[in-house]
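Descriptive analysis of the structure
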Amino acid sequence: MTMISHLRNYQVLVLVGAGGVGKTTLAAAVGLSFALRGRKVMVVTIDPARRLARALGLHQIGGHPHRIDLDELLENCRGTFDIMMLDSGQVFRSLVERAMTSEEQRQRILNNRFFQRFTEAMSGTQEHAAIEKLFELVAGDQYNMIILDTPPSRHALEFLNSPTRLLAVLDDAVLRWLIKPATSGLSMISFGSKYIAKVLSLFTGTEMLLDLTEFLTLFSDQLAGFRERAFRVQQLLQDRQTGYMIVSSPERHAMEGALMFHRALKKAGFALSCLVINRAWRVPDHPITGDLLGRQLKKGFPEVKLPDGFSSRAYNAYMHRLNVARIHHLKAQQIIAMTNLEYPAYIVPALVDEIVNLSGIYEISRFLFREQDQRDQVLL
Amino acid sequence: MSKRLIINLGKGGVGKSVISAAMALVSARRGLRTLLVQLHAKDRISEYLETNPINENIRELQPNLFCVNIVPEAAMREYALIQVKLEVIYKVVFQNRVVKAFLNAVPALSDLVMIGKIEFHVQETLPSGEARFEVIIVDAPPTGHGLFFLSVPKVMADADQTGPIKTHALRIFELLQDPGRCAINLISLPEEMPVSEVIDASAYLEKELHIQPAMLLINRCSPIEFKPEDEETLNQMLRIDKKPRPADLVLQAFQEDISRTKQRMAHAQRLYETLALPMVSLPDLTSFRFSRAELEELAEHLEEIL
């Protein structure tokens, strides 16, 4: 089965994987494929390479959907293809603004240093923002295929836990015991922990404790709402119609990342849809020696004057390419085997030229319609 | 290599760990006591060096080559003990559940204690008065987090609060800014995204932290050799209808590889022209399993350059 027919039953696809494996390009190609098949597609991307962004018309500011004209590829296409770049700051601010009931509260939270550093520490809040946006889009009901390109996470779990992470800090009963939101000054620290607080403030300074107190106070009324929302987001992530695509390249750091996602997603009980090994080099493998090439070049192209050493440069280039292609093939087999063959695996070859327009994306899309599940190819 | 502290920064997957390990090998072989630091990372370096796993305890792997993988919990304990002096108090206070929860909630504290530990080793001396480590090489986290990591001392130093953290943060920030003691290298591949990331990182270092990066290292430069006249020859040959097999496959591949190589050279060029820093190219050592042999090859290259 090809990737596109395999994925057709999902409503939401989440692409995960290490940085630099081509997730954004692949998200766009999967989106384009389904749009050409008549689906209403939205691709949410995080931080596309500049040329890719230009190729997709994403050079404007983020946060708004952009519709891509499919006429040049298919006349009278029933599907639509929207793509947007995530503006994580905007998503997070609006989340906080929704939660705060008064303007004064809003200002206080946005000015709270603990909140500022907290948001910074959440890896730019991109994971959180991406998932919030996804939730919004699903609720909006305008699309029947939503594809989410995720930021490269240091830890798979950071991404998967992001709906509950803010909640965890707000809801930490232990923390609430230490700092009872009430008055100002150190008096808010409950009697039993005064000594501990004293030593701690030696360590961090008292302002840090005060900032944390304010942060917790401001959010204390919102806990129920946050809990409800986090629960619903979690449900969406675990829905059977939400599929996860693990994207890797045939390179070590990417494969390690893929394996980490495989384990984390399985453990969390999410629906793993497929593994993609992207950017694998390919070359027709044909036995040849330097001598044979030299003879063929002389005989086969009598009218062409060969520069000095041309034959050996061409031969070395081919052998190098062949060597890398073989290594990539072996590595692809290796990662497929390591994921236990539990879900389909596809190999997408590397294109020679960088993608600078929609046709480049279309070229990849054609592979997605053509390449077959690779699990049968794995030697056990 | 004359700097005390060398920090290697770059996008994930560009080869920071490998290059850091190769640099450390070169430095140790020159007779300098060298500490190679990983930061709470999946330990790759022990595999490249073909040695036992590296943990949070400093270990001498071979003469003059010391390794450590700094983890926040251990660094926090060391740091706290410096502040509160007594192990007993540390146990009462810091191993308290409440306090643990609090420290986990203080953002960036774990980054600060890790960079604090690095600074400690820069200052550290042997009983003889000599520096314990003459060179410290840090395999930094991937760019985004790496920059956050490097900016934590400044953020903490700027905060209008008092206390030991601020004093310490200021001292670390001064170390990072001192070109006589610290060199921050930017590592990239000749590809669009890593190049853009390095350009942005360099701008951030200069504007926000007032740090001038020391050197650019472009990893995995293409091993394809070609001459300008090859392209025209290929065009002529590929235009011919009937080509002998397998020569046609070779010519096709050669043409594609030249095209790819030129794109990669253009990315390296863009980086060089934008940043105008000393630049070093490293070879592409694609292999099925990167091991000590490949590491030695890379070290040989660095030996000539550094």
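Counting from 1, residues in each chain are numbered in the order their sequence is written. Chain letters start at A and ligand numbers start at 1, both assigned in the order the entries are written. Thresholds applied to this predicted model are a pLDDT of at least 70 for local features of residues and 80 or more for the giving and counting of side-chain atom pairs; totals over whole chains, interfaces and linings are not thresholded and use all residues. To obtain the side-chain values, all non-hydrogen atoms of the structure were used and water was disregarded.

Here we take up the overall build of chain B. Within chain B one finds 12 helices and 8 strands. Each residue is assigned to one of three classes by its accessible area relative to the maximum for its type, calculated with a 1.4 Å probe on protein chains only: buried under 20%, partly exposed between the two thresholds, exposed over 50%. Residues counted as buried form 56% of the 306 residues belonging to chain B. For the area figures, the Shrake-Rupley method with a 1.4 Å probe applies, and any residue is considered shielded solely by the protein chains shown. Here chain B displays about 12,800 Å² of accessible surface, and carbon together with sulfur accounts for 52% of that area. The way it works is that DSSP assigns letters per residue, a run of H or I at least four long becomes a helix, a run of E at least two long becomes a strand, and they are numbered from the N terminus.

With that settled, consider the pairing of strand β4 (residues 80-85) of chain A. All names here are of chain A. Most of β4 is tucked away, with 6 of its 6 residues classed as buried. The pairing of strand β2 (residues 40-45) with β4 spans 6 bridges and is classified as parallel. Looking at the pairing, V44 lines up with M84 of β4. As defined by bridge partners, strand β3 (residues 66-67) adjoins β4 across 2 bridges and the pair is classed as antiparallel. If you follow H66 over to β4, its bridge partner there is I83. Two strands are said to pair when DSSP picks up at least two bridges between them.

On to the sheet that holds strand β7 (residues 215-221) of chain B, then. All names here are of chain B. Read from one edge to the other, the open sheet built from 8 strands follows the order β3-β4-β2-β5-β1-β6-β7-β8, with strand pairing classed as mixed. Strand pairing shows two members of the sheet lacking a second neighbour, β3 (59-62) and β8 (279-283), which therefore form its edges. When the angles between neighbouring strand axes are averaged without regard to direction, this sheet yields 25°. Bridging between strand β2 (residues 34-39) and strand β5 (residues 135-139) involves 5 bridges; their strand directions are parallel. Within β5, the residue paired with L35 across the bridge is I136. Against the sheet, helix α1 (residues 16-29) makes contact with β1 (5-10), β2, β3, β4 (65-70), β5, β6 (182-188), β7 and β8, and its axis sits at roughly 170° relative to β5, the strand it touches most. Against the sheet, helix α11 (residues 247-275) contacts β6, β7 and β8, and its axis sits at roughly 180° relative to β7. Between N-to-C directions, angles cover 0 to 180 degrees, with each direction set by a line fitted to C-alpha atoms, over the stretch in contact for helices. Whether two residues touch is decided by their heavy atoms; if any such pair falls within 4.5 Å, the residues are in contact.

Here we take up the packing of aromatic side chains. Any pair of Phe, Tyr and Trp rings, taking the six-membered ring for Trp, is counted once the centres come within 6.5 Å. Such a pair is stacked with planes under 30 degrees apart, edge-to-face with planes over 60 apart, and tilted for the rest. Scanning all chains against the criterion turns up 4 aromatic pairs over all chains. Ring geometry for B:Y48 versus B:F290: centroids 5.3 Å apart, planes at 70°, classification edge-to-face. Of this pair, B:Y48 sits in helix α2 (residues 45-48) while B:F290 sits in the loop between β8 and α12 (292-305), and the two are 242 residues apart along the sequence. In terms of burial, B:Y48 and B:F290 fall into one category: buried. Charge-over-ring contacts are defined here by two conditions on Lys NZ or Arg CZ: a distance within 6 Å of the ring centre and an angle within 35 degrees of the ring normal. Lying across the ring of A:W281, B:R260 places its NZ or CZ 4.1 Å from the centre.

Residue and element names in this part refer to chain A. Assignment of secondary structure puts T2 in the segment before α1 (3-7). With a relative accessible area of 12%, T2 lands in the buried category. Setting aside residues up to four positions removed in sequence, T2 forms contacts with Y346, L368, F369, R370, E371 and Q372.

Mean pLDDT over chain B: 88, with 90% of residues reaching 70 or higher. Here the predicted complex scores 0.83 on pTM and 0.83 on ipTM. Scored from 0 to 100, pLDDT records how confident the predictor is in each individual residue.

Turning next to helix α16 (residues 358-370) of chain A. One full turn of an α-helix is made of 3.6 residues, so residues set three or four places apart face in the same direction. Taking 1.5 Å of rise per residue, the 13 residues of α16(A) would be expected to cover 18 Å, and the 19 Å separating its terminal C-alpha atoms lies within 8% of that figure. Within α16(A), burial applies to A:L358, A:G360, A:I361, A:I364, A:S365, A:F367 and A:L368. Multiplying 1.5 Å by the helix residue count minus one yields the expected span of that helix.

With that settled, the discussion passes to the pattern of salt bridges. The salt bridge definition used is simple: a Lys or Arg side-chain nitrogen within 4 Å of an Asp or Glu carboxyl oxygen. Per the stated rule, a full pass over the model turns up 29 salt bridges over all chains. Taking the shortest distance from any N to any O, the salt bridge between A:E136 and A:K133 comes out at 3.2 Å. Linking A:E136 with A:K133, this pair stays in helix α7 (residues 126-140), spanning 3 residues, or about one helical turn. The exposure class assigned to A:E136 is partly exposed, which follows from its relative accessible area of 38%. The exposure class of A:K133 is buried, given its relative accessible area of 10%. Connected through shared salt-bridge partners, A:R252, A:E256, B:K42, B:R44 and B:E47 make up one network.

Quick look at the packing of helix α7 (residues 143-158) of chain B against helix α8 (residues 164-177) of chain B now. Residue and element names in this part refer to chain B. Two elements in contact, α7 and α8, have axes whose closest approach is 8 Å; the angle formed by their N-to-C orientations is 135°. Between α7 and α8, the angle is such that the two are oblique. Crossing of α7 against α8: the hand is left-handed. Taking contact as the criterion, the partners of L150, P153, K154, M156 and A157 in α7 are, on α8, I165, K166, A169, L170, I172, F173 and L176. Of the residues contributing to the contact of α7 with α8, the split by class is 10 nonpolar, no polar and 2 charged. In this scheme, roughly parallel covers angles under 35 degrees and roughly antiparallel covers those over 145, while 65 to 115 is roughly perpendicular and the rest are oblique. Helix crossings get a hand from a simple test, with the near helix turned counterclockwise from the far one by less than a right angle marking a left-handed crossing and a clockwise turn marking a right-handed one. Only Asp, Glu, Lys and Arg are considered charged, only Ala, Val, Leu, Ile, Met, Phe, Trp, Tyr, Cys and Pro nonpolar, and every remaining residue, Gly among them, polar.

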